[in-house]
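Fold and geometry: a report
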Amino acid sequence: MWSILQPPNLHKARDRLIQTIGLLVFGLVIVIGISLSFGAVPLSFAEIWEALLRQGEQINQTIIWDLRLPRTLAALLVGAALGMAGTLLQGMLRNDLADPFVLGVSAGAGLVAIALITFGVFLAWIPVAAWVGAMATCILVYSLGRVGNSLSTERLILGGVAVSSLFGSIQAILLLMAEDGRVQTALNWLVGSLNGRGWVEVNAVAPYLIATLLIGACLGRSLNVLNLGDEAALSLGLSLGWSRLLVGAIASMLAASAVSMAGLIGFVGLIVPHGVRLFVGNDYRVSLPVAAIGGAIVLTFADLIARIGTVELPVGVVTALFGSPLFIWLLYSRKSRGI
């Protein structure tokens, strides 16, 4: 009987997966279209299509190519990076409350950016400097998490918490020392924003971000084996230390690249992996690319909400407003299950 029932179950699972991916891609296209059409000058889909083809009114072409298209692409890239980074970290640490900032990415990037803003130096290099600071912090945290030739998950998390606390206190001191005008600039960067993001930022980060996304999508098999447990993974010939180091490095690079482009945006990397698991299950070969699509949709939609009012909100504020209640619900659900 098992042999008879197995094929239909497999077919149902495959059909559901195809439908889910199809719906996500359709939703992504719709969100992109709305993002390009929404603004101070609303544009119809016909006008958007003409502008993309360099046809129609010149003002529409300027709005699409110089303002809305690069901002939308930035939202897609940052959201995809945070969604996949969160899935990688939750899979590596086997903790569904982990997010891209658990390794101190936000703390390192924020410290460097705030330092440059406070002292008013190399302001044009803030995205690059933030990326360097984030990666340097990740290297420090990984060194704290290593035990011999292996990587301890507990030490990794504790190291990230300790480094984040230290860097956060230094950030507060720098903000207190900064001039009034620079404090506002620093706060806008700390809460995360896509306002003013153009082709310069997209062209600088996109090649590395896309390459890292492709590498991350290939790590599904390693994560599946890691989630079987250490003994099972070792019996299957997987090097635990090197596998975790590779997964963590890719997740860190994704998060650092996202931070360098848009500042500190939280909760996307925490919430998106949970939604992905509800729809496609725990097979990381599928959930990693789906998480990238889901993250792109979530952040682009959050950016749309940020632009609705008369005063534009930083997109990081929007993700925090919606992400915080979901995070509290996740904590409550874990407590109710005794986790």
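Residues numbered from 1 in each chain as written. Predicted model: local features only at pLDDT ≥ 70, side-chain atom pairs only at ≥ 80, totals over all residues. Heavy atoms only, no water.

**Section: the packing of aromatic side chains**
As enumerated under the stated definition, the model contains 1 aromatic pair in all. Here the basic side chain of Arg54 rests over the ring of Trp65, its NZ or CZ set 4.2 Å away from the ring centre. (Phe/Tyr/Trp six-rings, centres within 6.5 Å; stacked < 30°, edge-to-face > 60°. Lys NZ or Arg CZ within 6 Å of the ring centre and 35° of its normal.)

**Section: the pattern of salt bridges**
Opposite charge on two side chains makes pairing possible when the charged atoms of those side chains draw close. Applying the stated criterion to the full structure yields 6 salt bridges. Of the charged contacts, one joins Arg244 and Asp230 as a salt bridge, the two residues approaching to 2.8 Å between their closest N and O atoms. With a gap of 14 residues between them, Arg244 in helix H11 (residues 240-262) and Asp230 in helix H10 (residues 230-235) connect regions that are remote in the sequence. With a relative accessible area of 8%, Arg244 lands in the buried category. (Salt bridge = Lys/Arg side-chain N within 4 Å of Asp/Glu carboxyl O. Helix = DSSP H or I, 4+ residues; strand = E, 2+ residues; numbered from the N terminus. Buried < 20%, exposed > 50% of the residue type's maximum accessible area, 1.4 Å probe, protein only.)

**Here we look at the nonpolar core**
Formed by 88 residues in total, the largest nonpolar core has its most connected members in Leu88, Trp189 and Leu254. The element best represented in this core is helix H3 (residues 58-93), accounting for 14 residues. Discounting residues that sit within four places of it in the chain, Trp189 has contacts with Ala109, Gly110, Ala113, Ile117, Ile126, Ala130, Val259, Gly263 and Leu264. Counting residues in each nonpolar core, the second largest holds 7 residues, with Leu36, Leu43, Ile48 and Ile64 among its members. (Core = buried A, V, L, I, M, F, W, Y, C linked by side-chain atoms within 4.5 Å. Contact = heavy atoms within 4.5 Å.)

**Observations concerning the confidence of the model for the chain**
A residue-level look at the chain finds 94% of positions with pLDDT of 70 or above and a mean pLDDT of 86. Low pLDDT (under 50) marks residues 1-8, which in the prediction has 0 contacts with non-local residues, meaning those over four places away or in another chain. (pLDDT = per-residue confidence, 0-100.)

**What to know about unusual backbone geometry**
Of note in this structure, Arg54 is not a glycine but carries a positive phi near 60 degrees. With respect to the helices and strands, Arg54 occurs in the loop between helix H2 (45-52) and H3. Unusually for a residue other than glycine, Phe267 sits at a positive phi of about 75 degrees. Tracing the backbone through its elements, the reader meets Phe267 in the loop between H11 and helix H12 (268-280).

**Brief notes about the environment of Gly120**
Mapped onto the elements, Gly120 comes out in the loop between helix H4 (105-119) and helix H5 (126-145). Through-space distance from the C-alpha of Gly120 to that of Leu214 is 37 Å; in sequence the pair is 94 residues apart.

**So, the environment of Gly79**
With respect to the secondary-structure elements, Gly79 resides in helix H3. For the pair Gly79 and Thr300, spaced 221 residues apart in sequence, the C-alpha separation works out to 7.3 Å.

**A word on helix H7 (residues 180-191)**
For the α-helix, the turn length of 3.6 residues means that residues three or four positions removed from each other point alike. Relative to the 16 Å expected for 12 residues at 1.5 Å per residue, H7 spans 17 Å between its end C-alpha atoms, a close match to the ideal helical length. Buried residues along H7 sit in contact with H4, H5, helix H6 (153-177) and H11. Where H7 terminates, the next one or two residues include Gly192, which has phi positive at roughly 85 degrees. (Expected span 1.5 Å × (residues − 1).)

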